Amino acid sequence: MADFDAIYQDETDPEENIEETHVTLVPDPIVVRGAGNMTVFGLSNRFNGEFPSGLQSRVAPEEYQATVARINSVLKKTLPVNVKWLFCGCMCCCCTLGCSLWPVICLSKRTQHSLNKLLEWENSRLYNKLGLRWRLTKQHCDSSSMMEYVLLIEFIPKIPIYRPD
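Worth saying up front: this structure is predicted, and the values here are computed from it rather than measured. (Residues numbered from 1 in each chain as written. Predicted model: local features only at pLDDT ≥ 70, side-chain atom pairs only at ≥ 80, totals over all residues. Heavy atoms only, no water.)

**Q** Would you explain the sheet that holds strand β5 (residues 147–155) in this entry?
**A** Note on sheets: strands pair through backbone hydrogen bonds, and any given pair is parallel or antiparallel. A sheet is described by the order of its strands in space; here three strands give the open sequence β1-β5-β4, paired in antiparallel fashion. The strands lining the two open edges of the sheet, one partner per strand, are β1 (30–32) and β4 (132–140). Across the sheet, the mean angle separating the axes of adjacent strands is 30° when strand polarity is ignored. Helix-sheet contacts for helix α1 (residues 61–91) involve β1, β4 and β5, and the interaxial angle to β4 is about 50°. Running over the sheet, helix α3 (residues 102–127) touches β4 and β5 and is turned about 150° from β4. (Pairing = 2+ DSSP bridges. Helix = DSSP H or I, 4+ residues; strand = E, 2+ residues; numbered from the N terminus. Axes fitted to C-alpha atoms, helices over the stretch in contact; angles between N-to-C directions. Contact = heavy atoms within 4.5 Å.)

**Q** Help me out: how do you make sense of the packing of aromatic side chains in this one?
**A** The description of two aromatic rings rests on the distance between their centres and on the angle between their planes. Within this structure, the stated rule accounts for three aromatic pairs. Arranged with centres 5.6 Å apart and planes meeting at 80°, the rings of Phe51 and Tyr64 form a pair that is edge-to-face. Taken together, the residues span a long stretch of sequence, with Phe51 in the loop between β3 (43–44) and α1 and Tyr64 in helix α1 at a distance of 13 residues. Overall, Phe51 belongs to the buried group, its relative accessible area being 18%. The exposure class assigned to Tyr64 is buried, which follows from its relative accessible area of 1%. On the basis of an interplanar angle of 40° and a centroid distance of 5.7 Å, the ring pair of Tyr64 and Trp134 is categorised as tilted. Of this pair, Tyr64 sits in helix α1 while Trp134 sits in strand β4, placing them 70 residues apart in sequence. The buried category is assigned to Trp134, whose relative accessible area is 2%. Taken together through their ring pairs, the aromatic side chains of Phe51, Tyr64, Tyr127 and Trp134 make up a single cluster. (Phe/Tyr/Trp six-rings, centres within 6.5 Å; stacked < 30°, edge-to-face > 60°. Buried < 20%, exposed > 50% of the residue type's maximum accessible area, 1.4 Å probe, protein only.)

**Q** Is there a simple way to think about the pairing of β5 in this case?
**A** Counting buried residues in β5 gives eight out of nine residues, a clear majority hidden from the surface. Direction of pairing for β1 relative to β5: antiparallel, over a ladder of three bridges. For Val31, the partnering residue across the bridge sits in β5 and is Leu152. Of the strand pairs in this sheet, β4 and β5 are connected by nine bridges, and their pairing is antiparallel. Looking at β5, one finds that Arg133 is bridged to Glu154.

**Q** Would you explain α3 in this entry?
**A** Given 3.6 residues per turn, any residue in an α-helix points the same way as the ones three and four places further on. Given a rise of 1.5 Å per residue, 26 residues ought to cover 38 Å, and the 35 Å separating the end C-alpha atoms of α3 matches this to within 8%. Among all positions of α3, only Val104, Leu107, Ser108, Thr111, Gln112, Leu115, Leu118, Leu119, Glu122, Asn123, Leu126 and Tyr127 are buried. Lining the buried residues of α3 we find β3, α1, β4 and β5. (Expected span 1.5 Å × (residues − 1).)

**Q** So what exactly am I meant to see when it comes to the packing of α1 against α3 here?
**A** Two measures define how a pair of helices packs: the angle their axes make with one another and the distance between the axes. Packing of α1 against α3 leaves a shortest axis separation of 9 Å and a crossing angle of 170°. When the axes of α1 and α3 are compared, the pair comes out roughly antiparallel. (Parallel < 35°, antiparallel > 145°, perpendicular 65-115°, else oblique.)

**Q** Would you explain the nonpolar core in this entry?
**A** Note that soluble globular proteins tend to have their nonpolar side chains buried in a common cluster. Counting residues in hydrophobic clusters, the biggest one holds 25 residues, and the most contacted among them are Tyr64, Ile71 and Trp134. Taken together, the elements giving at least two residues each to this core come down to β1, α1, α3, β4 and β5. With six residues, α1 is the largest single contributor of residues to this core. (Core = buried A, V, L, I, M, F, W, Y, C linked by side-chain atoms within 4.5 Å.)

Structure follows, in structure tokens:
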């Protein structure tokens, strides 16, 4: 019972507990903002196809521009329909107590979902192999407190595998 309050010194060697730590520096993600003249619920009608300098020596400019072109083609197909429904919903908003805006919200969610599916396909096809990941995310606009959807290109850190000798 007297040993209950006794403090014993640890018998292990302190050098054995030191683990090797590997620190990998990952560059900041690249943000591709909408470059269109029309925005519906934060989603621009097109993204800029100009090749960012942060992707130099990682991705071919042609691959980048092809991906942005695929994204812009999805937006070109879906956003005009969203704008028409938004206009009709605003015209009837007073009579329907705002319920006429639901189709626009559902169509906007569908557009976001189709863009996310396209980006998942692009990531699995090419970009994950290159250590990159594309995502559609919301960010604050530079000039106001409004939110907008941007393309975020993240660098995936390569985790070294530790193999003891």
